[in-house]
Amino acid sequence: MSEYPPVLVLAGTSRVVHAIARCLHSHGIVVDVGYPETLGQVDFTSRAVRQVHRLPDFGRTEAFGGALDELLERNGYDTLIPTTDESLVAITPIYGSLRRRLYPGCPAPEVVNAVLDKRITLKIALECGIDVPLEHRFRSLDDLDRARDTLRFPLLAKPASKAEEANFALRYFQTFEQLRGTFLDDPSFGCKNLLQEY
């Protein structure tokens, strides 16, 4: 029996989870792992992990929060360790209630949001005098067309906020025509993403 309360690690990449679990285990701390159903069958076979729990998708706030609450109640964890942006986003809405029960292993929501929201990150960097790539936001195809002559390619598209679209793959555009085609295919593309010089 461990002299320390158990810890719950919210899973993402296996190698990260294994490293954390082995470190804690070496100090006599019991480690359980919780991972979202959307990861499918995940194999966390390790002597450092006591139990693996399947949780609702991290994006389903109410279902995830309820299942996590039940798990915390049942196992008496005193620390929760999120290991991915998705798990950080998932615990942000319930951070206050988690904080009353255990150590959430991450900064407060306003800090997490400042890190995950590229708009805030870039604004802070500029205020600190750090050079950042030029950034563009176009809400519509007309906005994009008006800026055609000011754009320097290649451009990189990324979600304006990871909290809004955590599983987005980065996209590169070599020409104006490629970018314009994307706006034609998805009229909301400019609202959801920012474009940066590469």
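The structure presented is a predicted model; accordingly, all values stated were derived computationally and were not measured.

## Section: the sheet that holds strand E3 (residues 51–55)
Thinking step 1. One open sheet holds the four strands; their spatial order is E3-E2-E1-E4, and the pairing between them is parallel. At either end of the open sheet lies a strand with only one pairing partner, and these are E3 and strand E4 (79–82). On average, each strand axis in the sheet is tilted by 25 degrees relative to the strand beside it, whichever way the strands run.
Thinking step 2. With four bridges connecting them, strand E1 (residues 7–10) and E4 associate as parallel partners. Residue Val 7 lies in a different strand from E4, and its bridge partner there is Thr 79.
Thinking step 3. In the packing of helix H1 (residues 14–26) onto the sheet, contacts are made with E1, strand E2 (31–36) and E4, and the angle to E2 comes to roughly 160 degrees.

## Some details on the packing of aromatic side chains
Centre-to-centre distance and the angle between the planes together describe a pair of aromatic rings.
Thinking step 1. Under the criterion given, the structure shown has four aromatic pairs.
Thinking step 2. Ring geometry for Phe 58 versus Phe 64: centroids 5.1 Å apart, planes at 70 degrees, classification edge-to-face.
Thinking step 3. Ring geometry for Phe 173 and Phe 189: centres 6.0 Å apart, planes at 80 degrees, overall edge-to-face. A residue pair is termed long-range when its members are at least 10 positions apart, and Phe 173 in strand E7 (residues 171–173) and Phe 189 in helix H9 (residues 189–192) qualify at 16 residues. Pair check on accessibility: Phe 173 and Phe 189 agree, each one buried.
Thinking step 4. By way of ring pairs, the aromatic residues Phe 173, Phe 183 and Phe 189 are connected into one cluster.

## Things to note about the environment of Leu 24
Thinking step 1. The topology assignment puts Leu 24 in helix H1.
Thinking step 2. Here the alpha-carbon distance between Leu 24 and Ala 125, two residues 101 residues apart in the chain, equals 34 Å.
Thinking step 3. Setting aside anything within four residues of it in sequence, one finds Leu 24 in contact with Val 7, Ile 29, Val 31 and Ile 81.

## Brief notes about the confidence of the model for the protein chain
Thinking step 1. Summarising the model, the protein chain shows a mean pLDDT of 89, and 93% of its residues fall at 70 or more.
Thinking step 2. Ranking the helices and strands of the protein chain by mean pLDDT puts E4 first, with 97, and helix H6 (residues 118–127) last, with 85.

## Focus: the pairing of E1
Thinking step 1. Neither face of E1 is open: one carries Val 7 and Val 9, the other Leu 8 and Leu 10, and all of them are buried.
Thinking step 2. The sheet contact formed by E1 and E2 spans four bridges and is parallel. If you follow Leu 10 over to E2, its bridge partner there is Gly 34.
Thinking step 3. This β-α-β element, E1 to H1 to E2, shows right-handed connectivity.

Conventions adopted
- Residues numbered from 1 in each chain as written.
- Predicted model: local features only at pLDDT ≥ 70, side-chain atom pairs only at ≥ 80, totals over all residues.
- Heavy atoms only, no water.
- Pairing = 2+ DSSP bridges.
- Helix = DSSP H or I, 4+ residues; strand = E, 2+ residues; numbered from the N terminus.
- Axes fitted to C-alpha atoms, helices over the stretch in contact; angles between N-to-C directions.
- Contact = heavy atoms within 4.5 Å.
- Phe/Tyr/Trp six-rings, centres within 6.5 Å; stacked < 30°, edge-to-face > 60°.
- Buried < 20%, exposed > 50% of the residue type's maximum accessible area, 1.4 Å probe, protein only.
- pLDDT = per-residue confidence, 0-100.
- Right-handed = clockwise from strand over helix to strand, strands pointing away.

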